[in-house]
Amino acid sequence: MLRYLTSGESHGRCLSALIDGFPAGVPIDTEAIDRELRRRQMGYGRGKRQSLEEDKVEILSGVWNGATIGSPIHLRIDNNDFKLPRLLELPRPRPGHGDLPGAIKYLGSIRGVLERASARETAARVAAGAFVSQLLQRFNIRAIGYVVEIGGLAIPPLKHLPFDEQLTERDRSEVFSLNASYDPQVKQVIDQARESGDTVGGIIEVRVEGLPFGLGSHTQWDRKLDGRLAQAVMSVQAIKGVEIGLGFEAARRRGSQVHDPIQFDENRRGEADLGYVRPTNNAGGLEAGMTNGQPLVIRAAKKPISTLQKPLESIDMETKQPMGASYERSDICAVPAASVIVQHVVMFEIASAFIEKFGGDSLAEIEDRYQRFLALAAAR
Ligand code: EPS
């Protein structure tokens, strides 16, 4: 079973991810992980913190001579802005953060909660996702995450482009959308929020291509891949909603306008879809909790950053007197960063389901099982 945990505080010494259950023999490119860490730090609307950090991964265990050895993998990212011992308590909880429920639940300080609740932790999740993606890439499974809406402004994605050109377009956009020509408008929305002491959220879409049939299972509730993906995505800081395929829109249409007809194309027998083509992909690549040979399409709604320069009403927890919430340095918009994070938490769940289906102790064994499954399934 592939799983991982993260540790670390926002202004602590470092962040870590500990991955368990990853096969041996997978070559690892550390720079590819660093590129994703770097992307997570970028995007228009980030605050001062990102100019202080230069996230890089250090692999402390589980890799030898450039490839995995089957043992637990320890990834570490240092915090340049390490200052936890010098930070003071916050007296007034900030609405929207974990400050109030956390301080009461743990009968402790707001500081102790906020340092761990911070989205700084997602650097460790991106490192873990980028690490396990290197297994999936060997099977031509590739993901792209991009922003489709910021502060209520929709950015129509140029999805007709070939996959590599979509990556170029996404990297060209300062807000990681699939339509860089919208950048000036989107930046204006972010600038207006900054000027008025406010913040903005948005919507992210992740698409995963090359998925074989049969990841996840209909046989038990906790093996359904849609449920597992939703949990992974909802657990990302500030995510308030998840949609797969048509999502909420499906509820408004008739069945005939929602479900994807099944056709067969002999020329595609050798592809991941085994020739079963669908003229539409409203299901977003999942039926009954299993991949169906189509691309996975998942969207996430991110609320605006909770820390506001113009603070909302709060209470001093000592005196119980009303007062504006405490202010801590923060970002105006972290939706572009969230597109990187959501992509990687999705890929971790895909890797986990992939290893369950084709699992083995080594890459060679997985490749063998994968090919045999494709041959058996194509003959079906
Ligand atoms: C965050 C507040 C800001 C963000 C931080 C998440 O940090 P600071 O309070 O240090 O300015 O920049 O995100 C990161 C540091 C990061 O690497 O993503 C928060 O309150 O969640």
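Now for a description of the structure that goes with this document.

Conventions adopted
- Residues numbered from 1 in each chain as written.
- Predicted model: local features only at pLDDT ≥ 70, side-chain atom pairs only at ≥ 80, totals over all residues.
- Heavy atoms only, no water.
- Helix = DSSP H or I, 4+ residues; strand = E, 2+ residues; numbered from the N terminus.
- Rg over C-alpha atoms; globule rule 2.2 N^0.38 Å.
- Buried < 20%, exposed > 50% of the residue type's maximum accessible area, 1.4 Å probe, protein only.
- Contact = heavy atoms within 4.5 Å.
- Areas by Shrake-Rupley, 256 points an atom, 1.4 Å probe, with all protein chains shown as cover.
- Lys, Arg positive; Asp, Glu negative; His and termini not counted.
- Charge placed at Lys NZ, Arg CZ, Asp CG, Glu CD.
- Expected span 1.5 Å × (residues − 1).
- Arc of directions from axis to C-beta.
- Pairing = 2+ DSSP bridges.
- Axes fitted to C-alpha atoms, helices over the stretch in contact; angles between N-to-C directions.
- Parallel < 35°, antiparallel > 145°, perpendicular 65-115°, else oblique.
- Nonpolar A, V, L, I, M, F, W, Y, C, P; charged D, E, K, R; others polar.
- Phe/Tyr/Trp six-rings, centres within 6.5 Å; stacked < 30°, edge-to-face > 60°.
- Near = heavy atom within 4 Å.
- Polar contact = N/O pair within 3.5 Å; in protein donor to acceptor, adjacent residues only side chain to side chain.

1. Here's the deal with the overall build of the protein
Move 1: Across its full length, the protein carries ten helices and 17 strands.
Move 2: Taking 380 residues into account, the globule formula puts the C-alpha radius of gyration at 21 Å, and the protein, at 22 Å, falls close to it.
Move 3: Taking the principal axes of the C-alpha coordinates as reference, the protein spans close to 70 × 50 × 40 Å.
Move 4: Counting only residues that meet the buried cut, the protein has 49% of its 380 residues in that class.
Move 5: Contacts in the protein between residues at least 24 apart in sequence constitute 71% of all its contacts with a sequence separation of at least 6.
Move 6: Here the protein has roughly 18,000 Å² of accessible surface; of this, 53% comes from carbon and sulfur atoms.
Move 7: Charged side chains in the protein number 48 positive and 49 negative. The centres of these two groups are separated by 3 Å.

2. Some words on helix H7 (residues 183-195)
Move 1: Taking 1.5 Å per residue as the helical rise, H7 with its 13 residues ought to reach 18 Å, and the 18 Å between its terminal C-alpha atoms agrees with that figure.
Move 2: Every buried residue of H7 is listed here: Asp-183, Val-186, Val-189, Ile-190 and Ala-193. Buried residues of H7, seen end-on, are gathered within an arc of 130 degrees and therefore sit on one face of the element. In H7, those exposed residues whose orientation departs by more than 90 degrees from the buried face are Pro-184 and Glu-195.
Move 3: Looking at the buried positions of H7, the neighbouring elements they touch are strand E7 (142-150), strand E8 (153-154) and helix H6 (163-172).
Move 4: Two residues or fewer after H7 comes Gly-197, characterised by a positive phi angle close to 70 degrees.

3. A few points about the sheet that holds strand E9 (residues 202-209)
Move 1: Overall, antiparallel pairing links the five strands, which are arranged E8-E7-E9-E15-E10 in an open sheet. Across the chains shown, the open sheet's two edge strands, defined by having one partner strand only, are E8 and strand E10 (239-244).
Move 2: Against the sheet, helix H9 (residues 335-358) contacts E7, E9, E10 and strand E15 (296-302), and its axis sits at roughly 145 degrees relative to E7.

4. Observations concerning the packing of H9 against helix H10 (residues 363-378)
Move 1: One can describe the packing of H9 onto H10 by two numbers: an axis separation of 9 Å at closest approach and a directional angle of 75 degrees. In this view, H9 runs roughly perpendicular relative to H10, as classed from their interaxial angle. Listed contacts from H10 to Phe-354, Lys-357 and Phe-358 of H9 are Ile-366, Arg-369, Tyr-370 and Phe-373.
Move 2: The residue inventory of the contact of H9 with H10, partitioned by class, reads five nonpolar, no polar and two charged.

5. Quick notes on the sheet that holds strand E3 (residues 58-61)
Move 1: Within the open sheet, the four strands sit side by side as E1-E2-E6-E3. Their pairing is antiparallel. The sheet terminates laterally at strand E1 (3-8) and E3, the two strands that pair on one side only. With strand direction ignored, the average angle separating the axes of adjacent strands in the sheet is 20 degrees.
Move 2: Summarising the sheet, strand E2 (residues 14-20) and strand E6 (residues 73-78) pair through six bridges and their orientation is antiparallel. In the strand pairing of E6, Ala-17 is matched with Leu-75.

6. Structural notes on the packing of aromatic side chains
Move 1: Within the structure shown, the criterion is met by ten aromatic pairs.
Move 2: Centroid distance Phe-358 to Tyr-370: 5.2 Å. Interplanar angle 70 degrees. Geometry classified as edge-to-face. Here the residue Phe-358 occupies a position in helix H9, and Tyr-370 occupies one in helix H10, the gap between them amounting to twelve residues.
Move 3: For Tyr-370, a relative accessible area of 7% corresponds to the buried category.
Move 4: A ring pair is formed by Phe-358 and Phe-373, whose centres lie 5.5 Å apart and whose planes are at 65 degrees; its orientation type is edge-to-face.

7. Some remarks on the site of the ligand
Move 1: Every residue near the ligand is listed here: His-11, Arg-40, Arg-46, Arg-49, Gln-50, His-97, Ser-118, Ala-119, Arg-120, Arg-329, Ser-330 and Asp-331.
Move 2: Within the side chain of Arg-46, an N or O atom sits 3.1 Å from an oxygen atom of the ligand.
Move 3: Its free accessible area being 470 Å², the ligand has 90% of it covered by the protein chains.

8. Here we look at the environment of Arg-40
Move 1: Secondary-structure assignment places Arg-40 in helix H1 (residues 30-41).
Move 2: A sequence separation of 296 residues divides Arg-40 from Pro-336, and the C-alpha atoms of the two residues are 7.6 Å apart.
Move 3: The contact partners of Arg-40, leaving out residues within four places of it in the chain, are Arg-46, Asp-55, Ala-119, Arg-120, Thr-122, Ala-123, Val-126, Ala-337, Val-340 and Ile-341.
Move 4: A polar atom in the side chain of Arg-40 sits 3.4 Å from the side chain of Asp-55.

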